[in-house]
Amino acid sequence: MKSIYFQYYQSPLGELILGSFEGKLCLCDWRYRKARRAIDSRLQKGLKALLIEQDCPVLTKTKEQLNEYFNQERQTFDLPTLTVGTDFQKSVWQALVDVPFGNTSTYLKLAETIENKTAIRAVANANGANALSIIIPCHRIIGSNGNMVGYAGGLPAKAKLLSLENDLFAA
């Protein structure tokens, strides 16, 4: 059976679990989120692989880039990624990647971006199923009323990520 290599990464906002499959990052997620088992199970079934705690070059590079991000030295990530999900989920995750650094969007705008404006709830569910937190910036999505809404790392972490991005490179 194939392997998903994983390591833990202590971010300033909480512990993340990082995973790599065949040289691509497939997991960068909050270790203690409610959907941890569901996310891990989806990856293992979709990739027909087992989670094995071991470092590898992609995980080392991911840790370096996350350090740069949290030290306000990086705005975008340059990592090979692999998403595991339905075509709909993948379309939502791609739309998330297109939300610019330091900006926010809404579930409605995401639904419109993927040309399915009635799928707001499904877009929200796909956003919540994102296994590449921070790398695929689901933290940039807020409610249509401007309020912060659910986040796997918790709303305090989401607020700090948005603040970090808004303060980046500020004099």
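Since this is a predicted model, take the numbers as computed values, not measurements. (Residues numbered from 1 in each chain as written. Predicted model: local features only at pLDDT ≥ 70, side-chain atom pairs only at ≥ 80, totals over all residues. Heavy atoms only, no water.)

(A) View of the overall build of the protein chain. Across its full length, the protein chain carries six helices and six strands. Ordered by position from N to C terminus, the α and β elements of the protein chain give β-β-β-α-β-α-α-β-α-α-β-α. The C-alpha radius of gyration of the protein chain comes to 15 Å, within 12% of the 16 Å expected for a compact globule of 171 residues. Its C-alpha atoms give the protein chain principal-axis dimensions of roughly 45 × 40 × 25 Å. Across the 171 residues of the protein chain, 46% fall into the buried class. Sequence separation of at least 24 residues holds for 61% of the intrachain contacts in the protein chain that already meet a minimum separation of 6. (Helix = DSSP H or I, 4+ residues; strand = E, 2+ residues; numbered from the N terminus. Rg over C-alpha atoms; globule rule 2.2 N^0.38 Å. Buried < 20%, exposed > 50% of the residue type's maximum accessible area, 1.4 Å probe, protein only. Contact = heavy atoms within 4.5 Å.)

(B) Focus on empty space enclosed by the protein. Taken as a whole, this structure holds one cavity of 30 Å³ or more when the rule is applied. Empty space within the largest cavity amounts to approximately 40 Å³. Lining the largest cavity, in full, are C26, R42, L43, L82, T83, V84, W93, N130, A131 and L132. Among the residues forming the lining of the largest cavity, the class breakdown is seven nonpolar, two polar and one charged. (1 Å grid on protein atoms, 1.4 Å probe; cavity = no way out; pocket = protein on both sides within 12 Å on 5 of 7 lines; lining within 4 Å. Points joined across faces, edges and corners; volume = space filled by probe spheres on them. Nonpolar A, V, L, I, M, F, W, Y, C, P; charged D, E, K, R; others polar.)

(C) Examining a nonpolar patch on the surface more closely. A cluster of nonpolar side chains, contributed by M1, L50 and I52, occupies part of the molecular surface with about 320 Å² of accessible area. Its location among the elements puts L50 in strand 4 (residues 49-53). You can call L50 partly exposed: its relative accessible area is 43%. (Patch = residues over 30% accessible without salt bridge, like charges linked within 9 Å, V, L, I, M, F, W, Y side chains within 5 Å. Areas by Shrake-Rupley, 256 points an atom, 1.4 Å probe, with all protein chains shown as cover. Salt bridge = Lys/Arg side-chain N within 4 Å of Asp/Glu carboxyl O.)

(D) Focus on helix 5 (residues 120-128). Burial in helix 5 covers these residues: V123, A126 and N127. Seen from one end, helix 5 has its buried residues packed into an arc of 105°, which puts them on one side. Looking at helix 5, the residues exposed on the side facing more than 90 degrees away from the buried face are R121 and N125. Elements that come into contact with the buried residues of helix 5 comprise helix 3 (87-97), helix 4 (107-113) and strand 6 (141-142). (Arc of directions from axis to C-beta.)

(E) A look at the nonpolar core. Core analysis: the largest hydrophobic core is formed by 37 residues, its most contacted members being L16, L25, C28, L66, Y69, I134 and I135. Going through the elements one at a time, strand 2 (14-21), strand 3 (24-30), helix 2 (57-70), helix 3, helix 4, helix 5 and helix 6 (155-167) are the ones with two or more residues in this core. No other element matches the five residues that helix 2 contributes to this core. Sequence-distant contacts of L25, defined by excluding residues within four places in its chain, comprise G19, S20, V58, L59, T62, L79, P80, T81, L82, L132 and I135. I4, F6, C26 and L27 belong to the second-largest nonpolar core, a separate cluster that totals 12 residues. (Core = buried A, V, L, I, M, F, W, Y, C linked by side-chain atoms within 4.5 Å.)

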